[in-house]
Amino acid sequence: MLYAIIGQDTPNSLDKRMAARPAHLARLQSLQGEGRLLLAGPFPAVDAVDPGAAGFAGSLIVAEFASLQAAREWADADPYAAGGVFGQITVQPFKKVLPA
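In what follows, the accompanying structure is described. (Residues numbered from 1 in each chain as written. Predicted model: local features only at pLDDT ≥ 70, side-chain atom pairs only at ≥ 80, totals over all residues. Heavy atoms only, no water.)

Turning our attention to the sheet that holds strand β1 (residues 2-9). Spatially, β2-β3-β1-β4 is the arrangement adopted by the 4 strands of the open sheet, whose pairing is antiparallel. Strands at the two margins of the open sheet, each flanked by one partner only, are β2 (37-44) and β4 (86-94). Taken pair by pair, the neighbouring strands of this sheet meet at an average axis angle of 15 degrees, ignoring direction. The sheet contact formed by β1 and strand β3 (residues 56-64) spans 7 bridges and is antiparallel. By the bridge assignment for β3, I6 is matched with L60. Set on the sheet, helix α1 (residues 14-33) makes contact with β1, β2, β3 and β4; between it and β3 the angle comes to about 10 degrees. Here helix α2 (residues 68-76) sits on the sheet and contacts β1, β3 and β4; the angle it forms with β4, its principal contact strand, is near 155 degrees. (Pairing = 2+ DSSP bridges. Helix = DSSP H or I, 4+ residues; strand = E, 2+ residues; numbered from the N terminus. Axes fitted to C-alpha atoms, helices over the stretch in contact; angles between N-to-C directions. Contact = heavy atoms within 4.5 Å.)

This is the structure:
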């Protein structure tokens, strides 16, 4: 089943985000290689593709996991969680409808 993982960044965490980014991307690329990643990306803190120093407000990952518990465990082990980037993580089931 698909699960949406929404991580909300802590204030002023851009430097932490950039430091943890290579390891975070490596985990996402692993999911992609397994054919389990639907989409992933950050929420810019301002209305711009490149928010610059404003940084990001959080991230969204939609991926396939065996269970809600497996998705939560994966999210809790993410380098953004361990590195203090995410202050809160929400994991919930997701049903893709469109595009079909």
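From this point, the discussion proceeds with the structure in view.
This part takes up the layout of surface pockets. Put simply, the largest pocket is a space of about 220 Å³. In terms of residue count, α1 provides more of the lining of the largest pocket than any other element does, 6 residues in total. Its residues placed into classes, the lining of the largest pocket shows 10 nonpolar, 3 polar and 2 charged. (1 Å grid on protein atoms, 1.4 Å probe; cavity = no way out; pocket = protein on both sides within 12 Å on 5 of 7 lines; lining within 4 Å. Points joined across faces, edges and corners; volume = space filled by probe spheres on them. Nonpolar A, V, L, I, M, F, W, Y, C, P; charged D, E, K, R; others polar.)

Scanning the model with the defined rule gives 3 aromatic pairs in all. Consider the rings of Y80 and F86, whose centres lie 5.4 Å apart with planes at 90 degrees: the pair is edge-to-face. F86 shares its class with Y80; the two are buried. An aromatic cluster is built from Y3, F65 and W74, whose rings are joined through pairwise contacts. Directly above the ring of W74 sits R27, whose terminal nitrogen or CZ lies 4.0 Å from the centroid. (Phe/Tyr/Trp six-rings, centres within 6.5 Å; stacked < 30°, edge-to-face > 60°. Buried < 20%, exposed > 50% of the residue type's maximum accessible area, 1.4 Å probe, protein only. Lys NZ or Arg CZ within 6 Å of the ring centre and 35° of its normal.)

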